[in-house]
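Topology and contacts: notes
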Amino acid sequence: MKEIEKLFDRIVQRVNINLRELEYDVNPYVNKLIPFNQMVKFYGFYGVSPHHPLSFEFKNSNLAGSYFLGRCRVSNSLLYKSDIRGDELKKEKDLFQYQDFEIPVVDDEEIHIEDSFLIKTLVHNFSHDPETLERFFIKDTISMNYANIHGAPSDGCFLGVFSTVDLTTMRDCVIGNFSYVQAGEINHLHIPPGTVWVRNPGEFNFYYQYPENMLNDYVFLPAGSPPQGMLIDFVEDRKEAFQRIFDVVNIEQSVDVPSSASLDRYSVTKGHTTIGENVLVAQRAYLQNAWLGKGANVQENCFIINSRLEGNDVTAHGAKIIEADVGTMVFVGFNSFLRGRPDSRIVIGEDSIVMPHTIIDVKEPLTIPPGHLVWGLIQDETDLATNSISIERLKTIDSKLTVGNMFFEGNGAGFVAAFQERIHHILDANGAFFNGAEHKGHAQKNQFISFNTIQPYPEGNKKGMFPTIVIQP
Amino acid sequence: MNSIVKDFMVPLSDYATISKGSTLYEAVLALENIKKDKNVDQSVHPHWIVLVLDKNQEVIGKMSQLNVVRALEPITEQTEIVDRISNFGFSANFIGAIREESFQNGNARDYVYTDPTKMEMKVEDFMETLVENEFIDENTSLNSAAHQLTVRNRLSLLVTREDKVVGVLRLSDVFTALITAMKKAH
């Protein structure tokens, strides 16, 4: 197993070199976190379908439990139970709109992962960097459990547990646990844990900071120990349910799935679950007594438990909805954790936006009125009052707004429009608007994917390393 | 200007100094006392800075009036967040307005600038530590020193003799020399 250990040391050194200006040492957070014998146990797998490009190259890497779709090149990297989804990459001759520029894409885009260690991380979407349209790179980067690298090229970065970087190119940055960043481009920044930052320069800037002591109850990464907190416990408690679906080659679906919908064979379905038309359920999603109305989607690492989504709802990567009733056209952002109780349910009115990385954890019933934007940590009605605003009111803000730990500068209407456009795009891409002939999306295209497995060397110095593999159509 | 730096520097012995470990209040008194010292020439430019010395009498930091005022201001969870968000792309106007709101809403307003706890802070906790471009050799020409002040964007430089700080060259003293030189040339 010497090769895999050498590779680990090499990646850690390269990341630390990139982060030297921030005086950040990743060693205490990654050393011995994933035992190497764990990284040799699992197979990697890739999807084959007529609707997706197929081009993979794996070299000098460990790919234990990781899933690949589309076009991807991995070298000198450790990918542990990560999802590399290249089904939204740009294609040759596409035109990329950036400010006033329409930039032609000269080649099919590819995800390039080099000298990186990704743990239970989702990589999805496409590079939004106008300087690197054909290559969505992730280089000299370590990302921790349940991080999302979403349309966000990365060079020399460390992403904490449950962090998300979205549509942002990052260089030499540390992204704190449970932080969400969507800021276009960031360099040499150390983002504290629990930061929610959405910025479009010249248009708007939204910033929220979780109270550190309260966040630590949910997500905490102490030096020298595995991640801790209620969010980790929640996911770990349901880990067993995924064991069987990864062990069995041919698996029968336990619920009826309409012909326009897609339930990934690597998702878990339990209890009385209903799948509506145009619904997309991605791999590693967990449904238990879930009712999913037409056009709803449940993305990777999402959990829907004892809840009802009325339709055209977006449950973004890593979001969890427990004991809740969600109206139509509700967006629940990345890694949000909405936990009601059987006798204290959460009701979310239609057309509401739950900001990425929101925690709603209530012991009394809580109702979010229709058309509201909510953010941050909400444990009762009092918190809701300081962590929400009606979307109509937000649209009238034209300079600044501060509420509690939330700071907003810029044009509220622009902020709302950007979110609403994004929600519409996500629903469209996921096939929510499919009418039987037009507007096909992932829900329709992902129904017939074959999965092939790939395996590492079982013994010797190269134990755990995968041989060089090139897969082409 | 044919002079050299040591002709125009203020010797360390004429400067307000204080030992590491002293309190903020003691530092302020040191500054006040140097202004009252009849042996120190106050006629041209008064002293506004206290130098902090270690146990070997080496200069390890300095403390301006601005450092003192800043140190006396209340620090709350809110002010820390405001400090933090200034790195996150907000405009100067926005940060200024939020700071003002945070300051006005602070529950320690009654004690602001006279908080007994703050006055007991150790000088090393709020002094400015010395940086590399802060020093100039005592034999440097005054022309070169004037140029160094402009390119380094500094109001004063610490004057060294064989790596030991022996005085302070202030922009105000250099400027006085400059006026004299200009009058002569006119």
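Anyway, here's the lowdown on the structure attached to this text. Values in this document were obtained by computation on a predicted structure and should not be read as measured data. (Residues numbered from 1 in each chain as written. Chains lettered and ligands numbered in written order. Predicted model: local features only at pLDDT ≥ 70, side-chain atom pairs only at ≥ 80, totals over all residues.)

**A word on helix H8 (residues 412–429) of chain A**
All names here are of chain A. Between its terminal C-alpha atoms H8 stretches 26 Å, which fits the 26 Å expected from 18 residues at 1.5 Å a residue. The set of residues buried in H8 consists of Gly412, Phe415, Ile423 and Leu427. Looking down the long axis of H8, one finds its buried residues gathered within 100° of arc, a one-sided arrangement. What points out from H8, more than 90 degrees from its buried face, is the exposed set Glu421 and His425. Buried residues along H8 sit in contact with strand E23 (204–209), strand E31 (314–315), strand E34 (331–332), helix H7 (391–396) and strand E44 (406–410). (Helix = DSSP H or I, 4+ residues; strand = E, 2+ residues; numbered from the N terminus. Expected span 1.5 Å × (residues − 1). Buried ≥ 20, exposed ≤ 12 C-beta atoms within 10 Å, placed from the backbone. Arc of directions from axis to C-beta. Contact = placed C-beta atoms within 7 Å.)

**A few points about the pairing of strand E4 (residues 59–64) of chain B**
Residues and elements named next belong to chain B. Of the strand pairs in this sheet, strand E3 (residues 49–53) and E4 are connected by five bridges, and their pairing is antiparallel. Opposite leucine 53, over in E4, you have valine 59 as the bridge partner. Between the antiparallel neighbours E3 and E4 lie five residues, among them glutamine 57 with a positive phi of about 65°. Relative to strand E5 (residues 128–129), E4 runs antiparallel, the two sharing two bridges. Across the sheet, the residue bridging to glycine 61 is threonine 129, located in E5. (Pairing = 2+ DSSP bridges.)

**Section: unusual backbone geometry**
Residues and elements named next belong to chain A. Its identity as a non-glycine residue notwithstanding, histidine 188 has a phi of 50°, on the positive side. You can see histidine 188 is positioned in the loop between strand E20 (185–187) and strand E21 (190–191). In this structure histidine 188 comes out as partly exposed when scored by C-beta crowding, with 14 C-beta atoms within 10 Å. One non-glycine residue, arginine 284, lies in the positive phi region at around 65°. With respect to the secondary-structure elements, arginine 284 resides in the loop between strand E27 (280–281) and strand E28 (286–292). A count of 23 C-beta atoms within 10 Å places arginine 284 in the buried class.

**Side note on the sheet that holds strand E1 (residues 10–11) of chain B**
Residues and elements named next belong to chain B. A sheet is described by the order of its strands in space; here four strands give the open sequence E1-E8-E7-E6, paired in mixed fashion. Two strands close off the open sheet at either side, each with one partner strand: E1 and strand E6 (135–137). By the bridge criterion, six bridges tie strand E7 (residues 156–161) to strand E8 (residues 164–170) in an arrangement that is antiparallel. Looking at the pairing, threonine 160 lines up with valine 165 of E8. Its contacts with the sheet place helix H8 (residues 171–185) against E7 and E8, and it is angled at close to 55° to E8. (Axes fitted to C-alpha atoms, helices over the stretch in contact; angles between N-to-C directions.)

**Describing the packing of helix H7 (residues 142–152) of chain B against H8(B)**
Residue and element names in this part refer to chain B. Two numbers describe how H7 lies on H8: the axes approach to 11 Å, and their chain directions differ by 130°. One finds that H7 runs oblique with respect to H8. Handedness of the H7/H8 crossing: left-handed. From H7, Leu142, Ala145, Ala146 and Leu149 reach across to H8, where they touch Leu171, Val174, Ala177 and Leu178. Each residue belonging to the contact of H7 with H8 can be placed in one class, and the counts come to eight nonpolar, no polar and no charged. (Parallel < 35°, antiparallel > 145°, perpendicular 65-115°, else oblique. Left-handed = near helix turned anticlockwise from the far one by under 90°. Nonpolar A, V, L, I, M, F, W, Y, C, P; charged D, E, K, R; others polar.)

**Some words on the environment of B:Leu72**
Residues and elements named next belong to chain B. Mapped onto the secondary structure, leucine 72 falls in helix H3 (residues 65–72). A tally of 18 C-beta atoms within 10 Å means that leucine 72 is categorised as partly exposed. Spatially, the C-alpha atom of leucine 72 lies 7.3 Å from that of threonine 114, the residues being 42 residues apart in sequence. Here leucine 72 is in contact with Tyr113, Asp115 and Lys118, once residues within four sequence places are set aside.

**Structural notes on the interface of chain A and chain B**
Of the residues lining the interface, 14 residues belong to chain A; the matching set on chain B comes to eleven residues. Every element with two or more residues in the side of chain A that touches chain B is listed here: strand E22 (195–200), E23, strand E43 (400–403) and E44 of chain A. When residues in the side of chain A that touches chain B are grouped by element, the largest group, three residues, is from E23(A). Class assignment of the residues belonging to the side of chain A that touches chain B gives a composition of seven nonpolar, four polar and three charged.

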